[in-house]
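# Topology and contacts: notes
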Number of protein chains: 2
Amino acid sequence: MLNYRTIIRIFSLLLITEGIFMWFSIPVSLIFGEADAWVFLLSGAIVSLTGVVMYMPVRKSPLQVNRRDGYIIVTGGWLLFSLCGTIPFLLTGSIPGITDAFFETMSGFTTTGASILNDIEDLSHGVLFWRSLIQWLGGMGIILLTLLLLPFLGIGGMQLFTAEVPSPTPDKLHPHVKDTAARLWLIYLFLTVGETLLLWAGEMGLYDAVCHSLTTMATGGFSTKQASIAYWSSPYIQYVVTLFMFLAGTNFTLTYFAMHGQFRKVWQNEEFKWYLGFIGVFSLIITLGLFFTNTGDFEPAFRKAVFQVVSILTTTGFATADYLKWTPWMIVLIFMLMFFGGSAGSTGGGPKIMRIVIMLKNSTQELKRMIHPNAVIPVRLNKESVGESIVTNVLAFIVFYGIITFISVAVLSLLGTDFNTSLGAVAATLGNIGPGIGQVGPALNYADLHAAGKWFLSFLMLVGRLELFTVLVLFSPLFWKR
Amino acid sequence: MLNYRTIIRIFSLLLITEGIFMWFSIPVSLIFGEADAWVFLLSGAIVSLTGVVMYMPVRKSPLQVNRRDGYIIVTGGWLLFSLCGTIPFLLTGSIPGITDAFFETMSGFTTTGASILNDIEDLSHGVLFWRSLIQWLGGMGIILLTLLLLPFLGIGGMQLFTAEVPSPTPDKLHPHVKDTAARLWLIYLFLTVGETLLLWAGEMGLYDAVCHSLTTMATGGFSTKQASIAYWSSPYIQYVVTLFMFLAGTNFTLTYFAMHGQFRKVWQNEEFKWYLGFIGVFSLIITLGLFFTNTGDFEPAFRKAVFQVVSILTTTGFATADYLKWTPWMIVLIFMLMFFGGSAGSTGGGPKIMRIVIMLKNSTQELKRMIHPNAVIPVRLNKESVGESIVTNVLAFIVFYGIITFISVAVLSLLGTDFNTSLGAVAATLGNIGPGIGQVGPALNYADLHAAGKWFLSFLMLVGRLELFTVLVLFSPLFWKR
């Protein structure tokens, strides 16, 4: 039985929160002397008051939820945030149609960064601040989700991500988890402020520094400039952003350990080693490629390569270069990177390094099983063997990822999108990256896609952001059976 | 310990067999009054005599093999056949370079059908007959392999394909399996003769009828005409070829049952239902697509659609239409079909319907496991539950298939091939299909690829044909450890 009243109670709390955050744009508008401060006041009021009205009749419902309520709350919560988040875009007229506004907002809350805006610089500071803030809220949502809800829902693989997360305890939250969530949220805030200061110390103004820090730490990738980070040619700015994209894609518990001097725990973490390894190998190859084919100058080649590799792998999606103008094999490497994703326990999207590692390890183990069919050959991670049901879950996740990609490419091409654009758009939205390949590359955007395609891709962003299963179970008839 | 002497004994028997088959081209050359009869005599003699010389010192070795010998024999056998099979092409000068000759021969023995020939009709009848014959031999090899060796090697999933195959008995062959192998081989021969007669009864000459039947039943796809089956505009010919491609992609045990009137067993087979279902759905969609966009005439649209769907899905690769000229979304559907493959127990390549079905079923079961995490929810096939290790094996297979595809596309693009061609060439060789997308579409061929790319793709054909694991275990250090 679904606890409808509890679900409504949580939804209304979410609305009240979102409305309050809308008011954060009011001071921005006032500082820049823009006329749309009242829009944010009004939008925030509409959303929070709706929340309050919804809250009243259910204010005494218990906050106890069961597993199925959890799925509804997560998927429904993201949908609700995205729907209501469109109001400032619509009321200011910055994005006139609901299709585009919903696409942009969903792209924000899912930390994707895919945009339909052709002239970002034309928008007011208040609106662009809201656009950055929704990514930051989305990132925060993911941290809370990873820690509080996913282990509780038993979304396999995620439990693994740190010793800090106790094994899932059904139907109530472990108090320890709440502490961890609070700590990780503080790190998220701390890193956001840190990046802001470092960018501000460089060639970036305070406003742009804040906006980009909000979207970096969420691995979101919305920029206040049409040219993205390429707008700032300063190597300092680009390296700072690279560093913070890297941190945003790192398991936040590891950052916590590092801040407390426990570097051993960081270096012993296998997922982190692979994360570093993937970034290192891809950056090296592309640096050499760019060095020999394009620039002939080492530092810019290295900077561009490492920026784009980190940006795509962590699913941030900022750009300092139009990688579609690189030699084709480099584009293929960048496209491959779209199927990695950040670390588990980071704000990064995609399949995640953890799953890629388990998948690769299981593959080599399967070969060993072929040679010694009667031996028990488990997958090991951080020196412990990974349970068979988690391996099956990870493989099922990867397979689902592939199936969804395949079917989605077919759907997009049915809507008249060419093959490469379909492939790029699906990879970049399902993986919550932003820029893809084809007509949705880093120098272009999603404005020209079919309206149905935009709705479909918005759905993919949600599916990808919520680890597939969270959304897909809702389509299982079993879910709705008593 | 590998039994080297036994392995050499088996290899020499294989060479003797191959040499004898080369002589089959002598009468063809003589009938058509071509000068290269002596080339086949000489080639056959070289290959058989090498076999005889190799055989002598090891003629008393036992034919008992262990699991690891099995892997060496299968992969080595296919390599040896392909290497020696080039001799007639090289000696006649039909294909001058070893790269091209090896590519074409490997494409033959793996029943792929990818070609580097620009003017097929310029080749002599004897050479084209040899080219068709190697596909037929490759198909026969796969039947023997599926029945005799794969279950014995424990290549998971394959054991499932029929109740006729007893569970793998280590280190000796079940006599029952030999009977089955003989029966299936007879069906293979019977269907080949049947198709020959039906094609000959139509607009095709006897020689072309024989050649095309040899390559249809192997799901090979080599044609004696540059235009492939499109050369014959007759609907009768095209429908006959469609029917036999369908049969070649069907589990041969089911054909056996059908021939003995046991239709119940056929209809109850779940893989067969899905096989029919996939063909039906894709054919229907593409028929409608062609009807409304291209022809405006129903029968030709239906004929083209069903021909290409069956040709690609069964991994045959014949063409009656250049599908790359169709509307982009139809190309995407055809490309998707490249990742299905024939039924288990057929001569078809690719991942196979059986694995696709287990993968899809496990995905929906995984969603159910999310809802009831404590329940045991197995995958069921033909009303029996599939063991967890088989499911893991199938998922690992699919994942390997994806990883290999990804890496191979990167390798090909590093060699300067464009993205779409790389994607098409990899899908079409790993899946043993033949024509791909991009510059290796059905109206084009593999002639212009980089030489290193041709060797690489030859390797992919082998890997795909031998169910990945058979070849990949050889790269596992554990395999070579005592």
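Residues numbered from 1 in each chain as written. Chains lettered and ligands numbered in written order. Predicted model: local features only at pLDDT ≥ 70, side-chain atom pairs only at ≥ 80, totals over all residues. Heavy atoms only, no water.

## Side note on the overall build of chain A
Scanning chain A from terminus to terminus reveals 21 helices and two strands. Whereas a compact globule of 482 residues would reach a radius of gyration of roughly 23 Å, chain A reaches 22 Å, a difference of no more than 12%. Within the span of chain A, comprising 482 residues, buried residues form 64% of the whole. If you take every contact in chain A between residues at least 6 apart in sequence, the share linking residues at least 24 apart comes to 71%. (Helix = DSSP H or I, 4+ residues; strand = E, 2+ residues; numbered from the N terminus. Rg over C-alpha atoms; globule rule 2.2 N^0.38 Å. Buried < 20%, exposed > 50% of the residue type's maximum accessible area, 1.4 Å probe, protein only. Contact = heavy atoms within 4.5 Å.)

## Description of the packing of aromatic side chains
Counted by the stated rule, this structure contains 62 aromatic pairs over all chains. An angle of 45° between the planes, with centres 6.4 Å apart, marks the rings of F272 of chain A and Y275 of chain A as tilted. With F272 of chain A and Y275 of chain A both in helix α13 (residues 270-295) and three residues apart, this pair spans about one turn of that helix. Note on accessibility: F272 of chain A and Y275 of chain A belong to one class, buried. Considering the side-chain rings of F459 of chain A and F475 of chain A, the 6.0 Å spacing of their centres and the 85° angle between planes classify their relative orientation as edge-to-face. Of this pair, F459 of chain A sits in helix α19 (residues 451-465) while F475 of chain A sits in the loop between α20 (469-472) and α21 (477-480), and the two are 16 residues apart along the sequence. Judged by relative accessible area, which is 56%, F475 of chain A ranks as exposed. Members of the aromatic cluster, joined through ring pairs, are F335, F339, F397, F400, Y401 and F469 of chain A together with F406 and F419 of chain B. The ring of Y231 of chain A carries K225 of chain A above its face, with NZ or CZ at 4.5 Å from the centroid. (Phe/Tyr/Trp six-rings, centres within 6.5 Å; stacked < 30°, edge-to-face > 60°. Lys NZ or Arg CZ within 6 Å of the ring centre and 35° of its normal.)

## Re the relation of the copies chain A and chain B
Overlaying chain A with chain B gives an RMSD of 0.0 Å, the required rotation being 180° about an axis along which the chain moves by 0.0 Å. Expressed as an axis order, the relation between the two copies is that of a two-fold axis. Take the interface residues of chain A: 100% of them recur as interface residues in chain B, which is what a same-surface contact looks like. (Least-squares fit on C-alpha atoms with pLDDT ≥ 70 in both.)

## Points about the nonpolar core
Ranked by size, the top nonpolar core spans 319 residues in total, and within it M338 and Y446 of chain A together with M338 and Y446 of chain B carry the most contacts. M338 of chain A has contacts with I312, Y323, A427, I433, P435, G436 and I437 of chain A, leaving out every residue within four places of it along the chain. (Core = buried A, V, L, I, M, F, W, Y, C linked by side-chain atoms within 4.5 Å.)

## Considering the interface of chain A and chain B
How big an interface is tends to be stated in terms of the accessible area lost upon association of its parts. In this assembly, 49 residues from chain A lie in contact with 49 residues from chain B. A buried area of about 4,300 Å², summed over both sides, lies between chain A and chain B, and 81% of it is on carbon and sulfur atoms. On the surface where chain A and chain B come into contact, there are zero salt bridges. Between the two partners, chain A and chain B, sit four residue pairs in polar contact (both at pLDDT 80 or more). For the side of chain A that touches chain B, the secondary structure elements donating two or more residues are α4 (67-85), α15 (328-337), α16 (353-371), α17 (388-414), α18 (419-430), α20 and α21 of chain A. It is α17 of chain A that provides the largest number of residues to the side of chain A that touches chain B, a total of 14 residues. Partitioned by chemical class, the residues of the side of chain A that touches chain B number 33 nonpolar, ten polar and six charged. (Buried area = accessible area lost by both parts, 1.4 Å probe. Salt bridge = Lys/Arg side-chain N within 4 Å of Asp/Glu carboxyl O. Polar contact = N/O pair within 3.5 Å; in protein donor to acceptor, adjacent residues only side chain to side chain. Nonpolar A, V, L, I, M, F, W, Y, C, P; charged D, E, K, R; others polar.)

## Section: the packing of helix α6 (residues 98-109) of chain B against helix α19 (residues 451-465) of chain B
Residue and element names in this part refer to chain B. Between α6 and α19, the shortest axis-to-axis distance is 9 Å and the interhelical angle comes to 20°. For the element pair α6 / α19, the angle class is roughly parallel. α6 and α19 meet at a crossing whose hand is left-handed. Note on element contacts: α19 touches α6 through A451, K454, W455, L457, S458, M461 and L462, opposite I98, T99, D100, F102, F103, M106 and S107. Of the residues that constitute the contact of α6 with α19, the class distribution is nine nonpolar, three polar and two charged. (Axes fitted to C-alpha atoms, helices over the stretch in contact; angles between N-to-C directions. Parallel < 35°, antiparallel > 145°, perpendicular 65-115°, else oblique. Left-handed = near helix turned anticlockwise from the far one by under 90°.)

## Digging into the pattern of salt bridges
Residue and element names in this part refer to chain A. With the rule as written, the count across this model stands at 16 salt bridges over all chains. The closest approach of N and O atoms between R131 and E104, which form a salt bridge, is 2.7 Å. Residue R131 is found in helix α7 (residues 125-153), and its partner E104 is found in helix α6 (residues 98-109); the two are separated by 27 residues along the sequence. The exposure class assigned to R131 is buried, which follows from its relative accessible area of 2%. By relative accessible area, which is 0% here, E104 ends up buried. As a salt-bridge pair, D322 and K325 come within 3.5 Å of each other at their nearest N and O atoms.

## What to know about the confidence of the model for chain A
For any part of a model where pLDDT is low, the fine detail of the predicted coordinates should not be relied upon. Mean pLDDT over chain A: 90, with 93% of residues reaching 70 or higher. Of the two predicted TM-score estimates for the complex, the pTM is 0.92 and the ipTM is 0.90. (pLDDT = per-residue confidence, 0-100.)

## A word on empty space enclosed by the protein
Residues and elements named next belong to chain A. Counted according to the given criterion, the structure contains six cavities of 30 Å³ or more. By volume, the largest cavity is sized at about 290 Å³. In this structure, the largest cavity is lined by 29 residues; those nearest its centre are G113, S115, Q226, P442 and L444. A breakdown of the residues in the lining of the largest cavity according to their chemical character gives 14 nonpolar, 13 polar and two charged. (1 Å grid on protein atoms, 1.4 Å probe; cavity = no way out; pocket = protein on both sides within 12 Å on 5 of 7 lines; lining within 4 Å. Points joined across faces, edges and corners; volume = space filled by probe spheres on them.)

## Let's talk about unusual backbone geometry
All names here are of chain A. Despite not being glycine, T315 has its phi angle at roughly 65°, a positive value. Relative to the elements of secondary structure, T315 occurs in the loop between α14 (298-313) and α15. T315 sits in the buried class, given a relative accessible area of 1%. The phi dihedral of K383 is positive, around 70°, even though this residue is not glycine. As for its placement among the helices and strands, K383 is situated in the loop between β1 (379-381) and β2 (384-386). With relative accessibility at 74%, the residue K383 sits in the exposed group.

## Things to note about the side chain of T255 of chain B
By secondary structure assignment, the location of T255 of chain B is in helix α11 (residues 252-259). Not counting chain neighbours up to four residues away, the residues in contact with T255 of chain B comprise I187, L191 and T250 of chain B.

## Some thoughts on helix α15 (residues 328-337) of chain B
For the α-helix, the turn length of 3.6 residues means that residues three or four positions removed from each other point alike. Counting buried residues along α15 of chain B, nine of its ten residues qualify, which places the element largely inside the surrounding structure. Among the residues of α15 of chain B, those classed as buried are W329, M330, I331, V332, L333, I334, F335, M336 and L337 of chain B.

## As for the environment of L381 of chain A
Residues and elements named next belong to chain A. By the element assignment, L381 lies in strand β1. Among the residues examined, L381 registers a relative accessible area of 6% and is labelled buried. Distance in space between the C-alpha atoms of L381 and L147 is 20 Å, their sequence separation being 234 residues.

## Considering the side chain of E270 of chain A
All names here are of chain A. Tracing the backbone through its elements, the reader meets E270 in helix α13. A polar atom in the side chain of E270 sits 2.7 Å from the backbone nitrogen of N382. Here E270 is in contact with K361, R380, L381, N382 and K383, once residues within four sequence places are set aside.

## Describing a nonpolar patch on the surface
All names here are of chain B. On the surface, a nonpolar cluster with roughly 550 Å² of combined accessible area is contributed by L186, L189, V193, L197, W200 and L206. Per element, the largest residue contribution to the nonpolar patch is five residues, and it comes from helix α8 (residues 175-201). Relative to the helices and strands, L189 is located in helix α8. In this structure L189 comes out as partly exposed when scored by relative accessible area, which is 31%. (Patch = residues over 30% accessible without salt bridge, like charges linked within 9 Å, V, L, I, M, F, W, Y side chains within 5 Å. Areas by Shrake-Rupley, 256 points an atom, 1.4 Å probe, with all protein chains shown as cover.)

## A short note on the environment of I334 of chain B
All names here are of chain B. By the element assignment, I334 lies in helix α15. Judged by relative accessible area, which is 0%, I334 ranks as buried. In this structure I334 touches I286, Q308, I312, Y323 and W326, once residues within four positions along its chain are discounted.

## What about the environment of G113 of chain A?
Tracing the backbone through its elements, the reader meets G113 of chain A in the loop between α6 and α7. Those residues in contact with G113 of chain A that lie beyond four places of it in its chain are S107, Q135, G220, F222 and G434 of chain A.

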